[in-house]
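# Tertiary structure, described
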Amino acid sequence: MTIAGILLAAGRSERMGGVNKLLAPWGSGFVVEAVWKTMLGAGLERIVVVAGFEAPRVQAVLPGATVVRNARFEEGLGTSIAAGVEAAGAAEGYLIVLGDMPRVPPDHLRALVAERSEETTIVASRTEGRLGPPVLFGGAYRGELGALSGDEGARVLLHRHADQVRAVDLAPSEAADIDHPQDLV
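These numbers come from a predicted model, not from an experiment.

### As for the overall build of the protein
A tally of helices and strands in the protein yields seven helices and nine strands. In terms of overall dimensions, the protein is globule-like: its C-alpha atoms have a radius of gyration of 15 Å, near the 16 Å expected for 185 residues. Dimensions along the principal axes, computed over C-alpha positions, put the protein at roughly 40 × 35 × 30 Å. Buried residues in the protein amount to 51% of all 185 residues. Considering only intrachain contacts with a sequence separation of at least 6, the fraction spanning at least 24 residues in the protein is 71%.

So, in structure tokens, the structure goes:
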């Protein structure tokens, strides 16, 4: 078994003023493409991209990627996590990465995987004392991840299983996501 990467790329980018932030230019490509390449660069052998809003356009910029469409993406992040875990199948763990975090380096993803010591461990990124994505969940959490719905993201599992959480520091500049047009600079 391996660690499955789940790249969440289904949202509507409502705070971007009508522009799909995942398809905004970033470097020599697009935001979501940069995140996907980071996951590949981290050595993840199985990556599932969960698309929703403008799914065909997202898939078009990720040639060779395994892209699944979450028909329920408008219900919230939880449905995309559940769709990704379902598509990934059984794994030792699930590394959940947000498609709007192009500054996270591959070394950080490798550090999350390296910190995992047993199947039940959760390894979260810690920025300025706060836990958040990217997060690695051991395979034992597959059922709970698959049961998420609505806007209930995986943060609820970080609280529910706080005694199982380990953390790897991520610099604020690397943890910054893209929410507004000015974030693309």
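### Points about the layout of surface pockets
The computed volume of the largest pocket comes to approximately 1300 Å³. Along the walls of the largest pocket sit 41 residues, with R15, L77, L98, D100 and D177 positioned nearest its centre. Counting residues per element, the ones that place at least two in the lining of the largest pocket are β1 (3-9), α3 (77-88), β6 (93-98), β7 (122-127), β8 (130-138) and α6 (155-160). The element best represented in the lining of the largest pocket is β8, accounting for six residues.

### Focus on helix α1 (residues 31-41)
Of all eleven residues that make up α1, eight are buried, and the element is covered over most of its length. Within α1 the residues assigned to the buried category are V31, V32, E33, A34, V35, W36, T38 and M39. In this structure, the buried residues of α1 make contact with β1, β2 (25-26), β3 (29-30), β4 (46-51), β6 and α4 (106-115). Looking at the residues trailing α1, positive phi occurs at G43, about 90 degrees.

### So, the sheet that holds β8
As summarised here, the arrangement of the seven strands in space is β5-β4-β1-β6-β8-β7-β9, forming an open sheet in which the pairing is mixed. Edge positions in the sheet fall to β5 (66-69) and β9 (165-169), since each of these pairs with one other strand and no more. With strand direction ignored, the average angle separating the axes of adjacent strands in the sheet is 30 degrees. Pairing between β1 and β6: six bridges, direction parallel. Of the residues in β6, the one forming a bridge with L7 is V97. The sheet strands contacting α1 are β1, β4 and β6, and the helix crosses β1 at an angle near 175 degrees.

### Focus on the nonpolar core
If you look at the biggest cluster of nonpolar residues, it comprises 59 residues, and the most contacted ones within it are V49, F137 and L145. Contacts of F137, omitting those with residues within four sequence positions, involve G93, Y94, I96, T121, I122, L145, A154, L157 and L158.

### Considerations on the environment of L158
Secondary-structure assignment places L158 in helix α6. A relative accessible area of 8% means that L158 is categorised as buried. Residues L158 and A124 lie 34 residues apart in sequence; the distance between their C-alpha atoms is 8.2 Å. Contact partners of L158, with chain neighbours within four places excluded, come to I122, A124, L131, V135, F137 and V165.

### Brief notes about the packing of aromatic side chains
According to the stated counting rule, one finds one aromatic pair in the structure shown. Here F137 and Y141 contribute two aromatic rings whose centre-to-centre distance is 6.2 Å and whose plane-to-plane angle is 70 degrees, an arrangement assigned as edge-to-face. Assigned by exposure class, F137 and Y141 land together as buried.

Thresholds, definitions, all that
- Residues numbered from 1 in each chain as written.
- Predicted model: local features only at pLDDT ≥ 70, side-chain atom pairs only at ≥ 80, totals over all residues.
- Heavy atoms only, no water.
- Helix = DSSP H or I, 4+ residues; strand = E, 2+ residues; numbered from the N terminus.
- Rg over C-alpha atoms; globule rule 2.2 N^0.38 Å.
- Buried < 20%, exposed > 50% of the residue type's maximum accessible area, 1.4 Å probe, protein only.
- Contact = heavy atoms within 4.5 Å.
- 1 Å grid on protein atoms, 1.4 Å probe; cavity = no way out; pocket = protein on both sides within 12 Å on 5 of 7 lines; lining within 4 Å.
- Points joined across faces, edges and corners; volume = space filled by probe spheres on them.
- Pairing = 2+ DSSP bridges.
- Axes fitted to C-alpha atoms, helices over the stretch in contact; angles between N-to-C directions.
- Core = buried A, V, L, I, M, F, W, Y, C linked by side-chain atoms within 4.5 Å.
- Phe/Tyr/Trp six-rings, centres within 6.5 Å; stacked < 30°, edge-to-face > 60°.

Honestly, that's just the spatial picture; any functional story needs more than this.
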